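Secondary and tertiary structure notes
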Amino acid sequence: MEASREPSAPTPGGPTTGHPDHPAVEESVEVQAPAALVWALVSDPMNYPMWSPEATATRRTRGSGVWSVGDTFRGANKARLPWTTMCTVVEADFQTGFSFRVNVGPFPVAHWGYRVEPLGTTSSRVTETWHDARTGLRGALMKPSGLLVGRGWDAASWNRRTMRATLLALKAHAEAGA
C-alpha cells in the first residue's frame, strides 16, 4: 500500500492483466476482521447484493448448505438497465479462493473470484478478481451488451470502480461484526 493512503482503503489500480481484448482486474482491501469471517461472507453469493453497486439479487439454483464446486446461482444486476446471469461455482477452497463462471444464456461473460489472506488473528486481506471471458465469436457478440445495459464499452475500468465500491462495503460489513 502507498504510505499516503489509509491502510483500510482498497489497493488502487491493482493489476490489469491478460490479453488487451480479454483483460483481468484485481483489487484488494485490508479488513480488520478474522479471515474465517471474511471467507464466510465472500463464499456465499447470497451476500453480494449487500455490497455490490450492481448486484440486486441472487438466487441459488443448485446445491445446498456450504457452497461447493458445481453449485449454481442466478444473479440479477442493474447499471442503467437490468440483466440476469447464470453463475457456476468453479472453486470453493479457503486455501485458494472462491470463484464462479458467469454466463448470459449460452454466452460466457466473466470469471469472478475472491481470495482471503489472514494477516494475523484479527485481520485479513481480501482480493476480488475479474477475468473477461468474452472470447471468440460468442464473446464478440456479448461485448456490445455492456453498452446496452449502461456499463459502457470498457468493462475493465467499469469493473475496477465497482470492485472498489464492493470491497469497501464488504469491509464495513465485516468490521461491524457481520
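Residues numbered from 1 in each chain as written. Predicted model: local features only at pLDDT ≥ 70, side-chain atom pairs only at ≥ 80, totals over all residues. Heavy atoms only, no water.

**Examining the packing of aromatic side chains**
Throughout the structure, instances matching the rule amount to nine aromatic pairs. Taking 6.3 Å as the distance between ring centres and 80° as the angle between the ring planes, the aromatic pair formed by Trp-39 and Phe-98 counts as edge-to-face. Placement of the pair is Trp-39 in helix H1 (residues 35–42) and Phe-98 in strand E6 (residues 97–104), with a sequence separation of 59 residues. Residue Trp-39 shares its accessibility class with Phe-98, and that shared class is buried. An angle of 90° between the planes, with centres 5.7 Å apart, marks the rings of Trp-67 and Phe-73 as edge-to-face. Summarising the burial analysis for this pair, Trp-67 and Phe-73 share the class buried. Three or more aromatic residues joined by ring pairs make a cluster, and in this case those are Trp-39, Tyr-48, Trp-51, Trp-67, Phe-73, Phe-94, Phe-98, Phe-100 and Tyr-114. Against the face of Trp-67 rests Arg-60, its NZ or CZ located 3.8 Å from the ring centre. (Phe/Tyr/Trp six-rings, centres within 6.5 Å; stacked < 30°, edge-to-face > 60°. Helix = DSSP H or I, 4+ residues; strand = E, 2+ residues; numbered from the N terminus. Buried < 20%, exposed > 50% of the residue type's maximum accessible area, 1.4 Å probe, protein only. Lys NZ or Arg CZ within 6 Å of the ring centre and 35° of its normal.)

**Re the environment of Val-38**
Within the secondary structure, Val-38 is located in helix H1. For the pair Val-38 and Leu-170, spaced 132 residues apart in sequence, the C-alpha to C-alpha distance is 8.4 Å. Val-38 has contacts with Val-31, Ala-33, Val-116, Ser-124, Val-126 and Ala-174, leaving out every residue within four places of it along the chain. (Contact = heavy atoms within 4.5 Å.)

**Details of the nonpolar core**
Val-38, Val-42, Phe-100, Val-126 and Trp-130 are the most contacted members of the largest nonpolar core, which totals 31 residues. Taken together, the elements giving at least two residues each to this core come down to strand E2 (22–31), H1, helix H2 (48–51), strand E5 (82–93), E6, strand E7 (107–118), strand E8 (124–132) and helix H5 (155–175). When sequence neighbours within four positions are dropped, the list of residues in contact with Val-42 reads Tyr-48, Trp-51, Phe-98, Tyr-114, Val-116, Val-126 and Leu-170. (Core = buried A, V, L, I, M, F, W, Y, C linked by side-chain atoms within 4.5 Å.)

**A closer look at H5**
A rise of 1.5 Å per residue sets the reference length of H5, with its 21 residues, at 30 Å; its end C-alpha atoms lie 29 Å apart and thus fit the reference within 8%. Once H5 ends, the next one or two residues include Gly-177, with phi positive near 95°. (Expected span 1.5 Å × (residues − 1).)

**A short note on the side chain of Ser-43**
Here Ser-43 shows up in the loop between H1 and H2. Residue Ser-43 is classed as buried on the basis of its relative accessible area of 12%. For Ser-43, the side chain forms a polar contact with the main-chain oxygen of Trp-39, separated by 2.7 Å. Residues contacting Ser-43, with those up to four places away along its chain left out, are Trp-67 and Phe-98. (Polar contact = N/O pair within 3.5 Å; in protein donor to acceptor, adjacent residues only side chain to side chain.)

**A short note on the packing of H1 against H5**
Relative to each other, H1 and H5 sit at 125°, their axes nearing to 10 Å. Comparing their axes, H5 and H1 come out oblique. Of the two possible hands of crossing, H1 and H5 adopt the one that is right-handed. Seen from H1, the contacting residues are Leu-37, Val-38, Leu-41 and Val-42; seen from H5, they are Leu-170, His-173 and Ala-174. Of the residues that constitute the contact of H1 with H5, the class distribution is six nonpolar, one polar and no charged. (Axes fitted to C-alpha atoms, helices over the stretch in contact; angles between N-to-C directions. Parallel < 35°, antiparallel > 145°, perpendicular 65-115°, else oblique. Left-handed = near helix turned anticlockwise from the far one by under 90°. Nonpolar A, V, L, I, M, F, W, Y, C, P; charged D, E, K, R; others polar.)

**With respect to the pairing of E5**
Strand direction decides the pairing type here: strand E4 (residues 72–78) and E5, joined by seven bridges, are antiparallel. Following the sheet pairing, Ala-76 is matched in E5 by Thr-84. Hairpin connection, E4 to E5: the antiparallel pair is bridged by three residues. Examined bridge by bridge, E5 and E6 share seven bridges and lie antiparallel to one another. Residue Met-86 lies in a different strand from E6, and its bridge partner there is Asn-103. A loop of three residues connects E5 with E6, the two strands running antiparallel in sequence. (Pairing = 2+ DSSP bridges.)

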